[in-house]
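Notes for the structure review
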Amino acid sequence: FQATLEDGAAAGVRQKAAEGFLGDPGHGVVMTACRGSERAEQARRERTRRLILLGARVLARREKLEELQDQLASELAGFLDRGKMAERSKALLTDVLGK
């Protein structure tokens, strides 16, 4: 039961991000209802590209600021502890987490 609550909370955080800053800039929400359409596919590609660009910027900035390295590692560790894929996600980011 606890795992279900944690997975639900993590999904809520992801959904909130998808609807906000990281969402489709043209529509304000990632379009999931019409997933098969060209428009939805384009929105997904644009969102993915935005995430890549934002991540690249944060990582570039992190290399220059030790304070940001520590803060990012701490916040990311807490964020990655949520959900079913926690261990797999952490394994992908061990260099950022400092482990």
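Summarised in this report is the structure supplied together with it. (Residues numbered from 1 in each chain as written. Predicted model: local features only at pLDDT ≥ 70, side-chain atom pairs only at ≥ 80, totals over all residues. Heavy atoms only, no water.)

**Comments concerning the nonpolar core**
Among the nonpolar cores identified, the biggest contains 6 residues, and these are Leu72, Leu76, Ala77, Leu80, Val96 and Leu97. Those elements that place two or more of their residues in this core are helix H3 (66-80) and helix H5 (94-97). Sequence-distant contacts of leucine 72, defined by excluding residues within four places in its chain, comprise Val58, Arg62 and Val96. (Core = buried A, V, L, I, M, F, W, Y, C linked by side-chain atoms within 4.5 Å. Buried < 20%, exposed > 50% of the residue type's maximum accessible area, 1.4 Å probe, protein only. Helix = DSSP H or I, 4+ residues; strand = E, 2+ residues; numbered from the N terminus. Contact = heavy atoms within 4.5 Å.)

**Comments concerning the side chain of arginine 62**
One can find arginine 62 in helix H2 (residues 38-64). For the buried residue arginine 62, which engages in no salt bridge, the nearest side chain bearing the opposite charge is glutamate 63, 5.4 Å off. With sequence-adjacent residues up to four places away left out, arginine 62 is seen in contact with Leu68, Gln69, Leu72, Asp95 and Val96. (Lys, Arg positive; Asp, Glu negative; His and termini not counted. Salt bridge = Lys/Arg side-chain N within 4 Å of Asp/Glu carboxyl O.)

**So, the packing of H2 against H3**
When two helices pack together, their arrangement is given by the angle between the helix axes and by the axis-to-axis distance. Where H2 contacts H3, the axes come no closer than 5 Å and their chain directions differ by 125 degrees. By the criterion of interaxial angle, the relationship of H2 to H3 is oblique. The crossing of H2 and H3 is left-handed. Between H2 and H3, the contacting residues are Val58, Arg61, Arg62, Glu63 and Lys64 on the first element and Glu66, Leu68, Gln69 and Leu72 on the second. Partitioned by chemical class, the residues of the contact of H2 with H3 number 3 nonpolar, 1 polar and 5 charged. (Axes fitted to C-alpha atoms, helices over the stretch in contact; angles between N-to-C directions. Parallel < 35°, antiparallel > 145°, perpendicular 65-115°, else oblique. Left-handed = near helix turned anticlockwise from the far one by under 90°. Nonpolar A, V, L, I, M, F, W, Y, C, P; charged D, E, K, R; others polar.)

**Notes on the pattern of salt bridges**
Within this structure, the stated rule accounts for 3 salt bridges. The partner of arginine 44 in a salt bridge is glutamate 41, with the nearest N and O atoms 2.5 Å apart. Of this pair, arginine 44 and glutamate 41 both sit in helix H2, 3 residues apart, which is roughly one turn of that helix. The exposure class of arginine 44 is partly exposed, given its relative accessible area of 43%. A salt bridge links lysine 90 to aspartate 81; the nearest nitrogen and oxygen atoms lie 2.3 Å apart. By relative accessible area, which is 18% here, lysine 90 ends up buried.

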